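# What the coordinates show
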Amino acid sequence: MEDRLTALEAQVAALSERLAAAPPPPPAPEGTFWALDGLKQRLPSEGSGAVLYTGTVRVAGQHYDWQYGRTVDDLLAADWTELASTLSALAHPVRLRLLREILGGRQSTSELAEIEELGTTGQLHHHLRQITAAGWLRSAGRGRYAVPAERVVPLLAILTAAGR
């Protein structure tokens with residue numbers, strides 16, 4: 001019992017040393033709308049505003065940093081009908097589940113086929129083709145798929161907006 005207590009004390013001491021040596025966390029930004037305030041500072045006084053989305057994401061051993069913005073004038077002038085196929089590819093529960101699984105690390109068709117809720121192998125390949133054609137996935141070779149790095153934060157931003 002005494003040896004176990006000594007070992008435990010040594011572990012606690014080592015952890016305490018590591019915590020003391022670690023740099024302090026960065027200070028939290030002031031204000032609730034710190035990102036919005038930064039965007040407003042960068043906009044010209046004329047115009048109708050801008051939309052910005054940004055994120056830093058760590059999933060399945062990967063790290064993604066992304067930021068993108070457009071002015072409202074540009075967004076309103078664009079042809080939104082061109083976005084229908086990109087958005088409709090997300091409008092299916094199986095496709096959303098596939099994206100979540102692939103982003104989480106299950107990237108091979110054999111791993112995905114093990115999930116009964118995703119349907120038959122034929123249905124699985126149909127859904128993979130749909131979301132790949134829309135740009136939400138890319139083939140990583142040998143029956144493996146990945147969410148392109150430039151699509152990770154936008155996908156999560158769309159899901160965040162849809163859940164609001």
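A few points on the structure.

Procedures and definitions
- Residues numbered from 1 in each chain as written.
- Predicted model: local features only at pLDDT ≥ 70, side-chain atom pairs only at ≥ 80, totals over all residues.
- Heavy atoms only, no water.
- Helix = DSSP H or I, 4+ residues; strand = E, 2+ residues; numbered from the N terminus.
- Expected span 1.5 Å × (residues − 1).
- Buried < 20%, exposed > 50% of the residue type's maximum accessible area, 1.4 Å probe, protein only.
- Contact = heavy atoms within 4.5 Å.
- Axes fitted to C-alpha atoms, helices over the stretch in contact; angles between N-to-C directions.
- Parallel < 35°, antiparallel > 145°, perpendicular 65-115°, else oblique.
- Nonpolar A, V, L, I, M, F, W, Y, C, P; charged D, E, K, R; others polar.
- Polar contact = N/O pair within 3.5 Å; in protein donor to acceptor, adjacent residues only side chain to side chain.
- 1 Å grid on protein atoms, 1.4 Å probe; cavity = no way out; pocket = protein on both sides within 12 Å on 5 of 7 lines; lining within 4 Å.
- Points joined across faces, edges and corners; volume = space filled by probe spheres on them.
- Core = buried A, V, L, I, M, F, W, Y, C linked by side-chain atoms within 4.5 Å.
- Pairing = 2+ DSSP bridges.

Helix length check: helix 8 (residues 149-162) (14 residues) gives 21 Å between terminal C-alpha atoms against 20 Å at 1.5 Å per residue, within 8%. Within the span of helix 8, buried status applies to Val152, Val153, Pro154 and Leu155. In this structure, the buried residues of helix 8 make contact with strand 1 (50-59), strand 2 (62-71) and helix 5 (93-103).

The axes of two packed helices give the description: the angle between them and the distance between them. For the pair helix 5 and helix 7 (residues 121-133), interaxial distance at closest approach is 10 Å and the crossing angle is 80 degrees. Of the possible angle classes, the one that applies to helix 5 and helix 7 is roughly perpendicular. Contacts from Val94, Arg95, Leu98, Leu99 and Ile102 of helix 5 reach helix 7 at Leu124, His126, His127, Leu128, Gln130 and Ile131. A per-class count over the contact of helix 5 with helix 7 returns seven nonpolar, three polar and one charged.

What follows deals with the side chain of Ser108. In this structure, Ser108 sits in the loop between helix 5 and helix 6 (109-113). Side-chain polar atoms of Ser108 contact the side chain of Ser110, separated by 3.1 Å. In this structure, Ser108 is in contact with Gly143 and Arg144, ignoring residues within four places of it in sequence.

A word on the layout of surface pockets. Each pocket or cavity is described by its volume, and for the largest pocket that value is around 760 Å³. Forming the boundary of the largest pocket are 21 residues, of which Tyr53, Leu75, Leu83, Leu87 and Ile158 lie nearest the centre. Where the lining of the largest pocket is concerned, the elements lending two or more residues are strand 1, strand 2, helix 4 (84-88) and helix 8. Looking at which element gives the most residues to the lining of the largest pocket, the answer is helix 8, with six residues. The residue makeup of the lining of the largest pocket, split by class, is 14 nonpolar, two polar and five charged. Along the wall of the second largest pocket there are 17 residues; nearest its centre are Ala35, Val51, Leu52, Tyr53 and Thr54. Only helix 2 (34-42), strand 1 and helix 8 provide two or more residues apiece to the lining of the second largest pocket. Counted by class, the lining of the second largest pocket contains 13 nonpolar, two polar and two charged residues.

Moving on to the nonpolar core. Considering soluble globular proteins, one finds that nonpolar side chains tend to be buried as a cluster. Core analysis: the largest hydrophobic core is formed by 23 residues, its most contacted members being Leu98, Leu99, Leu112, Leu128, Trp136 and Leu137. Sorting the residues of this core by element identifies helix 5, helix 7 and helix 8 as the ones contributing at least two each. When near neighbours in sequence (up to four residues on either side) are disregarded, Leu137 contacts Leu99, Ile102, Leu128, Ile131, Thr132, Tyr145, Ala146, Val147 and Pro148.

Further remarks concern the pairing of strand 3 (residues 138-141). Direction of pairing for strand 3 relative to strand 4 (residues 144-146): antiparallel, over a ladder of three bridges. Bridging across to strand 4, Ser139 finds its partner in Tyr145. Once strand 3 ends, the chain turns through two residues before running back antiparallel as strand 4, passing Arg142 with a positive phi of about 55 degrees.

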